[in-house]
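One-letter residues, chain by chain:
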Amino acid sequence: MKLRVVIVDDEPMARNFLEHYCEKCDKLQVTGSFPSAETALDYLKNNEIDILFLDVEMPGNSGFQLMDQLMYLPQIVLTSAKTDYAFEAFQYNVADYLKKPFTYNRFLEAVGKVTDAPASRKVTNKQEDIFIKSEGKFTRINYHDILYIESIGDYVKYFTLLKNYVSHGTLKAVEEKLNHGHFMKVHRSYIVNLRKIKDIQDYSLVIEGKVIPISKVLKSEVLQRINIV
Amino acid sequence: MNGNDFAFDSRLDTAFLDLLYEGDREHAARVFDQFLKGIHMQIKEVDDEFASGNTELFRRKVHMIKPIFSFVGLTGLTGKAEIIEKKCNQVSMITDMTDLYKDFRSNIVEYIPIIETELLKLKV
């Protein structure tokens, strides 16, 4: 039985190249090919597939945001014209990372990694919650509820829409433990949930009315990580 | 190119093209054809973003077209696109890249006739 493949890439030539490579490979059958994360989402929610060849940087949602929206992940092979996303790729536990353009042999190597993997379909194993020690107890907070985290001396303060939590620790320690692609340190005193940013202007951003500074050295990285249409 | 004794123009990255197509002349012809059909529109879109002055949107367009040059053996242009993409994160105004972008644009225009000739050769 052939492995079912879906391709998501905004660049038509890159998409056609992958389709051609899949046709050449006896093991694979392309069941869908989409120019954006948005157009692929419904298909991926309703159809079981084995391999997803996924571009990272696309207009609209990125490849990582598409993965975040799926309850189940097939084996993922990221395809990108740059290698800057290696860290996120590692976090998402992708099977391989192909830098475009790539040869058929390199493509086959990636397919080999996928077919050697133990299961073609698995539940996403990204942890969605963290426990924060605050007010003498451990409280569970969902990552998606956190707006931003501020460093205040020897403490860090977690801001959510409903409540704020103060916990002993450093921002550096929080940064190391935050195993989620939506968070980024934008300033020595702030980690923000990138999905909660309302505005960015010059060297500051706004989340729920709070103006948060962006350090000069991190500005370009922030712009790269958010989706600008 | 192996198999059919096809030799790409030496001004292109022939070693990379041989690896990419492995003698599949038909596939190479399809890709060269697709490149030529799309390149003018894609360059116009990049030009428009440059003219708009929005560095991040310009960078995204450059990022999008970056790999397509390599598909037709213009690996040097992919390299130049990469330099522009990185530069976008360093400049304060898009006009700081005017010379760099002009050079890139004129290179594309220079190479298009070579790609057209290669397509004709591939179709024979």
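Bear in mind the structure is a predicted one, so any value in this text is a computation, not a measurement.

Things to note about the overall build of chain A
Moving on, step 1. When helices and strands are counted, chain A shows 7 helices and 16 strands.
Moving on, step 2. In chain A, buried positions account for 53% of the 229 residues.
Moving on, step 3. When contacts within chain A are restricted to residue pairs at least 6 apart in sequence, those whose partners lie at least 24 apart make up 52%.
Moving on, step 4. Roughly 11400 Å² of accessible area belongs to chain A as shown, and the carbon and sulfur atoms make up 50% of that amount.

A look at the overall build of chain B
Moving on, step 1. Check the secondary structure of chain B and you find 5 helices and 0 strands.
Moving on, step 2. A burial count over chain B gives 51% of its 124 residues as buried.
Moving on, step 3. Long-range contacts, defined here as pairs at least 24 residues apart, represent 65% of the contacts in chain B between residues at least 6 apart.
Moving on, step 4. Counting every atom, chain B has about 5900 Å² of accessible surface; 54% of that belongs to carbon and sulfur.

What to know about the pattern of salt bridges
Moving on, step 1. Evaluated as defined, the whole model comprises 21 salt bridges over all chains.
Moving on, step 2. Among the salt bridges present, the one from E45(B) reaches K61(B), with a minimum N-O distance of 3.2 Å. One end of the pair, E45(B), is in helix α2 (residues 25-52); the other, K61(B), is in helix α3 (residues 55-71), with 16 residues separating them in the sequence.
Moving on, step 3. Beyond isolated ion pairs, a larger network of salt bridges with shared partners links E57(A), E56(B), R59(B), R60(B), K66(B) and E85(B).

Some details on the sheet that holds strand β16 (residues 210-213) of chain A
Residues and elements named next belong to chain A.
Moving on, step 1. Taken in spatial order, the 3 strands make up an open sheet running β14-β15-β16, and their pairing is antiparallel. With one partner strand each, in any of the chains shown, β14 (199-201) and β16 form the two edges of the open sheet. Geometrically, the sheet is characterised by an average inter-axis angle of 25° between neighbouring strands, direction not taken into account.
Moving on, step 2. By the bridge criterion, 4 bridges tie strand β15 (residues 204-207) to β16 in an arrangement that is antiparallel. From the neighbouring strand, I207 faces β16, where its bridge partner is K210.

What to know about α2(B)
Counting along an α-helix, one turn takes 3.6 residues, and residues three or four places apart therefore face a common direction.
Moving on, step 1. The end-to-end C-alpha distance of α2(B), which contains 28 residues, comes to 40 Å, matching closely the 40 Å that a straight helix rising 1.5 Å per residue would cover.
Moving on, step 2. Largest kink in α2(B): about 40°, centred on I39(B).

Digging into the interface of chain B and chain A
Moving on, step 1. Every contact between the two is made by 26 residues of chain B and, on the other side, 29 residues of chain A.
Moving on, step 2. Linking chain B with chain A are 2 salt bridges.
Moving on, step 3. Note that R59(B) and E57(A) form a salt bridge whose closest N and O atoms lie 2.8 Å from each other.
Moving on, step 4. Our enumeration of links across chain B and chain A arrives at 7 residue pairs in polar contact (both at pLDDT 80 or more).
Moving on, step 5. Of all the elements in the fold, those that place two or more residues in the side of chain B that touches chain A are α1 (14-21), α2, α3 and α4 (75-88) of chain B.
Moving on, step 6. Looking at the side of chain B that touches chain A, the element that brings in the most residues is α3(B), giving 11 residues.
Moving on, step 7. The class makeup of the residues in the side of chain B that touches chain A is 11 nonpolar, 6 polar and 9 charged.

As for a nonpolar patch on the surface
Moving on, step 1. A cluster of nonpolar side chains, namely I152(A), Y155(A) and V166(A), defines an oily patch on the protein surface of about 260 Å² accessible area.
Moving on, step 2. Inspection of the secondary structure assignment puts V166(A) in strand β11 (residues 164-168).

Some details on the nonpolar core
Moving on, step 1. Formed by 61 residues in total, the largest nonpolar core has its most connected members in F53(A), F107(A), Y21(B), F32(B), F35(B), F58(B) and F69(B).
Moving on, step 2. Of the residues forming this core, the biggest block, 10 residues, is contributed by α2(B).
Moving on, step 3. Counting 24 residues, the second largest nonpolar core, distinct from the first, contains F34(A), L41(A), L44(A) and F64(A).

Considering the pairing of strand β1 (residues 3-8) of chain A
Residue and element names in this part refer to chain A.
Moving on, step 1. Of all 6 residues making up β1, 5 are buried, and the element is well covered by its neighbours.
Moving on, step 2. As judged from the 6 bridges shared by β1 and strand β2 (residues 28-34), these two strands associate in the parallel manner. Looking at β2, one finds that I7 is bridged to S33.
Moving on, step 3. The β-α-β motif built from β1, the intervening helix α1 (residues 12-24) and the parallel element β2 has right-handed crossover chirality.
Moving on, step 4. Sheet topology note: the β1/strand β3 (residues 51-55) ladder contains 4 bridges and is parallel. The residue of β3 that forms the bridge with I7 is F53.

Thresholds, definitions, all that
Residues numbered from 1 in each chain as written. Chains lettered and ligands numbered in written order. Predicted model: local features only at pLDDT ≥ 70, side-chain atom pairs only at ≥ 80, totals over all residues. Heavy atoms only, no water. Helix = DSSP H or I, 4+ residues; strand = E, 2+ residues; numbered from the N terminus. Buried < 20%, exposed > 50% of the residue type's maximum accessible area, 1.4 Å probe, protein only. Contact = heavy atoms within 4.5 Å. Areas by Shrake-Rupley, 256 points an atom, 1.4 Å probe, with all protein chains shown as cover. Salt bridge = Lys/Arg side-chain N within 4 Å of Asp/Glu carboxyl O. Pairing = 2+ DSSP bridges. Axes fitted to C-alpha atoms, helices over the stretch in contact; angles between N-to-C directions. Expected span 1.5 Å × (residues − 1). Bend = angle between axes of the 7 residues up to and from the residue. Polar contact = N/O pair within 3.5 Å; in protein donor to acceptor, adjacent residues only side chain to side chain. Nonpolar A, V, L, I, M, F, W, Y, C, P; charged D, E, K, R; others polar. Patch = residues over 30% accessible without salt bridge, like charges linked within 9 Å, V, L, I, M, F, W, Y side chains within 5 Å. Core = buried A, V, L, I, M, F, W, Y, C linked by side-chain atoms within 4.5 Å. Right-handed = clockwise from strand over helix to strand, strands pointing away.

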